[in-house]
Each structure stands twice: as C-alpha cells, then as structure tokens.
Amino acid sequence: MFKLQELIRRDMDKLALNITTEQGKTLRDAQGDVFRGLEVVEHACGMATLQMGEYVSNVSSGIDTYSIREPLGVCAGICPFNFPAMIPLWMFPMAVTCGNTFILKPSEKDPGAAMILAELALEAGLPDGVLNIVHGTNDIVNNICDDDDIRAISFVGSNTAGMHIYARAASKGKRVQSNMGAKNHAIVMPDASIDATLNSLIAAGFGAAGQRCMALSTVVFVGGSRPWEDELIKRAKALKVNAGIEAGTDLGPVISRQAKDRIYRLIQSGTESGARAVLDGRNIVVPGYEAGNFVGPTILADVTSDMECYKEEIFGPVLLCMQAESLEEAITIVNNNKYGNGASIFTSSGIAARKFQNDIEAGQVGINVPIPVPLPFFSFTGSKASFAGDLNFYGKAGVQFYTQIKTVTQQWKDLPVQGVSLAMPTSQKT
Ligand code: NAD
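This is a predicted model, so every value here is computed, not measured.

Novice: Is there a simple way to explain the pattern of salt bridges in this structure?
Specialist: One side chain can pair with another of opposite charge once the charged atoms of both are near each other. Under the definition given, this model contains 20 salt bridges. Residue Arg9 pairs with Glu42 through a salt bridge whose shortest N-O separation is 2.4 Å. Of this pair, Arg9 sits in helix H1 (residues 2-10) while Glu42 is found in helix H3 (residues 27-45), placing the two residues 33 residues apart along the sequence. Between Asp33 and Lys25 there is a salt bridge, with the nearest N and O atoms lying 2.8 Å from each other. Since its relative accessible area comes to 0%, Asp33 is described here as buried. Several salt bridges converge on common partners, so that one network encompasses Asp195, Glu231, Lys234 and Arg235.

Novice: How do you make sense of the site of the ligand when you look at a structure like this?
Specialist: Surrounding the ligand, one finds 25 residues, the nearest of these being Cys79, Glu108, Ser158, Met180 and Glu313. Backbone polar atom of Phe81 to an oxygen atom of the ligand: 3.0 Å apart, as the coordinates give it. At 2.6 Å, a side-chain N or O of Glu313 approaches an oxygen atom of the ligand. Contact with the protein chains covers 88% of the free accessible surface of the ligand, which is 840 Å². Elements with a minimum of two residues in the shell around the ligand: helix H6 (138-146), strand S6 (150-156) and helix H7 (159-170). Taken together, the residues of the shell around the ligand sort by class into 13 nonpolar, nine polar and three charged.

Novice: Teacher, can you tell me more about the UniProt feature "domain: Aldehyde dehydrogenase" (unreviewed entry) in the protein chain here?
Specialist: Under the UniProt annotation, the feature "domain: Aldehyde dehydrogenase" (unreviewed entry) is placed at residues 1-408. A distance of 30 Å separates the end C-alpha atoms of residues 1-408, which is 38% helix and 22% strand.

So, how was this worked out
Residues numbered from 1 in each chain as written. Predicted model: local features only at pLDDT ≥ 70, side-chain atom pairs only at ≥ 80, totals over all residues. Heavy atoms only, no water. Salt bridge = Lys/Arg side-chain N within 4 Å of Asp/Glu carboxyl O. Helix = DSSP H or I, 4+ residues; strand = E, 2+ residues; numbered from the N terminus. Buried < 20%, exposed > 50% of the residue type's maximum accessible area, 1.4 Å probe, protein only. Near = heavy atom within 4 Å. Polar contact = N/O pair within 3.5 Å; in protein donor to acceptor, adjacent residues only side chain to side chain. Areas by Shrake-Rupley, 256 points an atom, 1.4 Å probe, with all protein chains shown as cover. Nonpolar A, V, L, I, M, F, W, Y, C, P; charged D, E, K, R; others polar. UniProt positions renumbered as here; feature names shortened; annotations may be inferred.

Written out as structure tokens, the structure is:
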C-alpha cells in the first residue's frame, strides 16, 4: 500500500485525465476523485493496529482467551459511475490489506480508472490473482451475488441495484455493505454567515454537476428563501458550464443522454406542481460541444415535500429550495425524508448547531460544512435508505467487514487430571 500510494501520486494526472474523458467531470474535480481514494490507501498503510485482536489471560485458572481477525477469502466490489477512482479505492485497498482477494466490477460507463489502478497495484507488487477486474452489467453482478466462493460484497450505487444486490447476496449467506442514493439537505438559519454559506451551497449543489452522493441537493431556509435567492442565482449564473477538459470549467456534462432527460423531466414535474424555476439550466448550448449532455445550474424555489422532484434523487445540478418557520420544523422536514446520507446546518449559533447535531437523522452531519465526508480513519456513515448492511465502508468498520473474528480459548496448566466431567465447563469446574 505504501508503494501503491506513491504510484497513484505519480500517475495522478493520467488518472484524472481518464476520469474527465470517460465521466465528464472537470480535471480539478477528477483529481479530487483520485485524492479522496488515495486517502483510503494511506489509511490502509497504517491499518495493522485495527486488525489487532483482544486478549484476556486467566479468564479461569490456567485458561486464556484471545481473538484474532482472519481474512474472509474472496470479496467483491460493484461500483457506480460517479467516482471512478475513489470508490474502487474505498474497496480493494482495505480488502487486500486484510488478506483477502478481490473481484472488482467497475461501472460499465467509465471503467478506465479502475483498470489503471489495477495496473498500478500490480506494479506495486500485488501478487497475480489478488485483484481481479470483471466488466459487465446486471448478469455479471448477479453472478457475483450467486457465486459460492465470494464471501462479501461491497456495493455503491443506486437504491434499485443496491437493494437487489443486498437481498440476493444475503440470501446466499454473504455479507453486504451497500451505500446507495441520497437527498442531502442543508438547513440555513437566518444568522448564517452570508458569503460562506452561499459559496458552500453553490459548490456542494452544483459541483460535479450534482452527481455526488453527498451533493447538497435541497436547502431548507428557516425564515424563507427570498432573502437569499437573488445572490444565489447570481453566483449560480456565474458558473461556467463546459467540457471538463476545458480550462475554467465549473460544471461538466452529466453522464448520459438518459440522465439528462431524467433530470429535465424532474425539473418539469417540479414546475408543473408549483415550484418556481428561479434559474432554469435546461436547453443550455455549449459552443463546440453542441451534442453534449449538459444541464446548467438550476434552482427551484417553493419546493414542498410532496413533489416528485423532492422525493426522487435528481442526481444533477438542481438545487431545491424549501422553507420552514423554525429550526424544529426544518429538522422535521429533513427527518421525514427517507434518505440519510448527509445533512448540514449553516448558522452562527452553537445552540442551534447542537440541537441539529442531536436531532437530525442523517449519518454524516455538517456544521457550517457542506459535504461532511470524514477522513478514512472514521467510516463513511450513511444511514436510513442510503445504506444497507451493518458495517460501513473503511475505518474500523471496514476492517471488521473484511475480516472474520475468531476467538481462541487455550489451557496450559500443570495440574493432575481429576477424572472426566460431562457437565458444561464453568469457571469453578475448570
Ligand atoms: P447504478 O446503481 O445504476 O450502478 C451501480 C452499479 O450497479 C454498476 O456497476 C451497475 O452495472 C450495477 N447495476 C445497475 N443496475 C443493476 C441491476 N439492476 N442489477 C445488477 N446490477 C446493477 O448507479 P450509478 O448510476 O452508477 O451511480 C449513481 C448512484 O450511486 C446514485 O444513486 C448515487 O447516490 C449513488 N452513490 C452513492 C454513494 C454512497 O456512498 N452512498 C456514493 C456514490 C454514488
């Protein structure tokens, strides 16, 4: 892993260029994609302490018990399109450092970065057969779920695929950790720092063209959105939509024509059910890339929780604005949403922040932080409908996921044997 992290740094530009070419995000964002995965490789370098077992000597006279963590055997990972480097790096470095072999299925939409990473892993000295890449779609995934040799599956992607894989693999007795869709909310209090909050909303709402599972797609303005709208629109309008490869681009295209059509449809359904399109990014034309799947930054105001655009994950550069009279009402709106990947509050009040931290039902909480994804010594802790499984990705939970715990009870004592007892051993009888 030390060598792998060195090689990933060496080839950072090559990886980023591949991601931009296949996925569309900007080069700078593609570097971030690699970098956030690299952090997991660095975490794996120091993971030995997390694999340590526990030991109690003399649990009874002459008897010690200790636990050891062993590899599971063959593990597999199934990846989404939106982070072609980061998500594979959430998976195989942890799995192989725990002593497993790994079968990785990248997204069929952008498998190139996973191939480069696999080459780097070989160059770093990973033995042949330890990391294996398979390409394909549903049939390959179903085969992975059904295969008797595979013991555990890490999945990241949509809820439809994630719940299917969770159920199918679990019915074969496999462990599954499944990170899925999201609708991440920000609550903006009237006392929030104006400039910093606006910049956070713009960056987290429109970065990567909204195709991040931790994108801030919905903002609940306590006291109403009107005081914020003009400045929000101004800053969103200033963003440059262009091919990811072009200098100065803020937003690249979305992944496919199908994704673009779906985003358009959800914007349309929002306006038809009463939302105000205060900024409409549909029908944007990017000179030189007229056939590209671009969607410009879009802001829908007066959104309510019964609207389809609110209930569905849009996964595009669309920011929904809602309103609440109080922090309590805003928290209720967020908690009534089925997803629980992340939620943030923007405020200058410690009391409001603390109430939010305690009452909000989301796995990753930001306080004046728009995308609260922790570094890998914590875990990625999505919850509610955004996660299925018991053990999250990376950190301590990641090590537990990729290992089987075994406890050993040993007796070394130099006492005369006192005959046979068929009673259940207890501490008094040993
Ligand atoms: P997707 O579910 O379409 O595809 C993910 C993987 O599942 C791909 O490898 C694909 O081949 C496979 N797959 C898709 N449908 C399948 C089916 N019916 N049967 C078997 N396999 C199937 O997801 P996507 O569009 O690539 O990624 C976007 C989604 O991923 C969004 O919902 C996003 O929120 C989510 N995501 C979540 C996280 C997280 O950590 N929670 C991170 C990144 C992305």
